[in-house]
Amino acid sequence: MAEEFISLFVITAIAALCPIAARLVPGKLVPETVFLLITGAVLGPHLAGLIQITEPIDLVSELGLAFLFLLAGYEIDPDSLTGRQGKRGLATWIVSIALAFAAVRLSPDFSVSHIDGIAAAIALTTTALGTLMPILKERGLSGTPVGDAILSYGTWGELCPVLAMAVLLSARSTWQTLAILALFVAVAAAAAIVPAKARRAGHRLFAFFEKTRHTTSQTLVRWVVVLLVGLVALSAAFNLDIVLGAFAAGFVLRYIIPEGDHALEHKLEGIAYGFLIPVFFVVSGAKIDLSAVGQQPALLAGFILMLLLIRAVPIFVSLSLDKQARAQLDVNLRLTVALYCTTALPIIVAVTAVAVKAGAMPEQTAGVLVAAGAVTVFLMPLLATLAHHALGRAEEGDGGTRPARQPRRRP
């Protein structure tokens, strides 16, 4: 166990130092996640070797991924799925997945009829909503027209790839997979409806939760962990990817507590962002073989370019064709939304892991795709920030005569 604890010490030290490094960058242009990924890659088994990816370390990393998707699912407002902009977000994702399969068919690196090509196509349509949420909060975009648009389009960019993984990457027949998904949804629905009704009815169990929430028992937090681990275990038992269970746990929690709970959120974020999620990002970086990435620069650059064409362009076009969106968002802000929504990583990690495990994708190729996802975590928010700032400079250049289109926080 000494090796595991040494690796875990290095990982936690990286997690503690990276926020300081990110704060030193002027304008907060480089998200903390980028430092976690890069440092993990440098100190990982492919270079310095200070971090070894053993089964215990991998398990902690998987828990970090699960908490990332739990918080992402919890953040989602149902209106983001069913509202006018949410429906456009779904239609846009369908366009993206069609473009992705067309691009993979033309690519010499993947086979569209095999798991590697399907995995690459799914990876090209994802939005790392869980990764974006802290960035949006830090930059004051939550609750603004820009933040709302990112949530509407990004929700489908996170949910649809998760479902596509379950259906398209399963070794079972389609009808078997759909039957298992239906059973999983039924269990998740029961896990949401029964507690929600009990809470509304004032069941004494919830009164007990209230009394013990600030004691050493932390009963409410423990039950959230039970919900998360239970649905993750169920998805694993059904041979579905764990991100489906984690995402479902976030939806369930939001259904039970639709008005939110700031104290509970604060505690969950302390567990997640204080320990588990940084471990996931550092371990994801440690799995990247930088030498292999350097040997395939065309694949790296090509994949990032395809992400822009397949994900960013349809979102920008959709926003530009939406009269209400045009009224709220200037062209620079529409570009800002599209670029933020092209940030991708966690799903790429998950989908390439499935392809590698199935023997359909070489680890080197998977590492390049993960590295491309890591680049987007830095590049897309940076480009989005530049686009956002370009709007401010344009308004200043008008001498104050042009009405401000900068999004304002909702009261």
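Note that the coordinates shown come from a computational prediction; the quantities given were computed from them, not determined experimentally.

### Remarks on the overall build of the protein chain
And then number 1: Summing up its helical and strand segments, the protein chain has 19 helices and zero strands in all.
And then number 2: Radius of gyration (C-alpha) of the protein chain: 21 Å, near the 22 Å computed for a compact globule of 411 residues.
And then number 3: Principal axes of the C-alpha set define a box for the protein chain whose edges measure 60 × 50 × 50 Å.
And then number 4: Counting the 411 residues in the protein chain, one finds 52% classified as buried.
And then number 5: Summarising the internal contacts of the protein chain: among those between residues at least 6 apart in sequence, 78% fall at separations of at least 24.
And then number 6: For the protein chain, the accessible surface area stands at approximately 18,300 Å², while carbon and sulfur atoms represent 66% of it.
And then number 7: Treating the 30 positive side-chain charges of the protein chain as one cloud and the 27 negative ones as another, the clouds have centres 10 Å apart.

### Structural notes on the nonpolar core
And then number 1: Ranked by size, the top nonpolar core spans 134 residues in total, and within it L231, F303 and V337 carry the most contacts.
And then number 2: Considering every element that reaches this core, the biggest residue donor is helix α8 (residues 145-168), with 12 residues.
And then number 3: When sequence neighbours within four positions are dropped, the list of residues in contact with L231 reads F184, A188, G245, A248, A249 and V252.

### Quick notes on the pattern of salt bridges
And then number 1: Tallying each qualifying case throughout the model produces eight salt bridges.
And then number 2: The partner of R213 in a salt bridge is E210, with the nearest N and O atoms 3.0 Å apart.
And then number 3: Note on R213: relative accessible area 9%, which makes it buried.
And then number 4: Accessibility expressed as a relative area gives 47% for E210, which makes it partly exposed.
And then number 5: A salt bridge links D261 to R213; the nearest nitrogen and oxygen atoms lie 2.7 Å apart. Pair noted here: D261 is in the loop between α12 (242-256) and α13 (262-286) and R213 is in the loop between α10 (204-212) and α11 (219-237), with a separation of 48 residues, a long-range link.
And then number 6: A relative accessible area of 14% means that D261 is categorised as buried.
And then number 7: A single network of salt bridges, built from pairs that share partners, joins E75, K137 and E269.

### What to know about the environment of C18
And then number 1: Looking at the secondary structure, you find C18 in helix α1 (residues 2-24).
And then number 2: When the C-alpha positions of C18 and F35 are compared, they lie 5.8 Å apart, and in sequence the two are 17 residues distant.
And then number 3: When near neighbours in sequence (up to four residues on either side) are disregarded, C18 contacts E32, F35, L36 and T39.

### Describing helix α18 (residues 346-357)
And then number 1: In this model, α18 (12 residues) spans 17 Å end to end at C-alpha, consistent with the 16 Å of a helix rising 1.5 Å per residue.
And then number 2: The set of residues buried in α18 consists of P346, I347, I348, V349, A350, V351, T352 and A355.
And then number 3: Just beyond α18, the residue with positive phi is G359, at close to 75°.

### A closer look at the packing of aromatic side chains
And then number 1: Under the criterion given, the structure shown has six aromatic pairs.
And then number 2: Taking 5.9 Å as the distance between ring centres and 75° as the angle between the ring planes, the aromatic pair formed by F69 and F247 counts as edge-to-face. Of the two residues, F69 is situated in helix α3 (residues 55-75) and F247 in helix α12; the sequence distance between them amounts to 178 residues. F247 carries the same exposure label as F69, and that label is buried.
And then number 3: With centroids separated by 6.5 Å and ring planes inclined at 50°, the aromatic side chains of F208 and F209 adopt a geometry described as tilted.
And then number 4: In this structure an aromatic cluster arises from ring pairing among F206, F208, F209 and W223.
And then number 5: Seen from the ring of Y74, R254 lies directly overhead, with NZ or CZ sitting 4.1 Å from the centre.

### Topic: the confidence of the model for the protein chain
And then number 1: Of the residues in the protein chain, 94% reach a pLDDT of 70 or more, and the chain-wide mean stands at 88.
And then number 2: The weakest mean pLDDT in the protein chain belongs to helix α4 (residues 78-82) at 72; the strongest belongs to helix α15 (residues 297-321) at 95.
And then number 3: In this model residues 396-411 is a low-confidence stretch, pLDDT under 50, and it forms 32 contacts with partners more than four residues away in sequence or in other chains.

### Regarding the state of the cysteines
And then number 1: Under the criterion given, the structure shown has zero disulfides.
And then number 2: No disulfide involves C160; its nearest neighbouring cysteine sulfur is the one of C341, lying 13 Å away.
And then number 3: The exposure class of C160 is buried, given its relative accessible area of 8%.

### Concerning the environment of S170
And then number 1: Position of S170 relative to the elements: it lies in the loop between α8 and α9 (174-200).
And then number 2: Judged by relative accessible area, which is 18%, S170 ranks as buried.
And then number 3: A sequence separation of 10 residues divides S170 from C160, and the C-alpha atoms of the two residues are 15 Å apart.
And then number 4: Residue contacts for S170: discarding those within four places in its chain leaves M165 and T177.

### With respect to unusual backbone geometry
And then number 1: One non-glycine residue, Q218, lies in positive phi territory at about 45°.
And then number 2: Along the chain, Q218 falls in the loop between α10 and α11.
And then number 3: Of note, the phi angle at N239 is positive, near 60°, even though the residue is not glycine.
And then number 4: By the secondary structure assignment, N239 is in the loop between α11 and α12.

Rules and cut-offs
Residues numbered from 1 in each chain as written. Predicted model: local features only at pLDDT ≥ 70, side-chain atom pairs only at ≥ 80, totals over all residues. Heavy atoms only, no water. Helix = DSSP H or I, 4+ residues; strand = E, 2+ residues; numbered from the N terminus. Rg over C-alpha atoms; globule rule 2.2 N^0.38 Å. Buried < 20%, exposed > 50% of the residue type's maximum accessible area, 1.4 Å probe, protein only. Contact = heavy atoms within 4.5 Å. Areas by Shrake-Rupley, 256 points an atom, 1.4 Å probe, with all protein chains shown as cover. Lys, Arg positive; Asp, Glu negative; His and termini not counted. Charge placed at Lys NZ, Arg CZ, Asp CG, Glu CD. Core = buried A, V, L, I, M, F, W, Y, C linked by side-chain atoms within 4.5 Å. Salt bridge = Lys/Arg side-chain N within 4 Å of Asp/Glu carboxyl O. Expected span 1.5 Å × (residues − 1). Phe/Tyr/Trp six-rings, centres within 6.5 Å; stacked < 30°, edge-to-face > 60°. Lys NZ or Arg CZ within 6 Å of the ring centre and 35° of its normal. pLDDT = per-residue confidence, 0-100. Disulfide = S-S within 2.5 Å.

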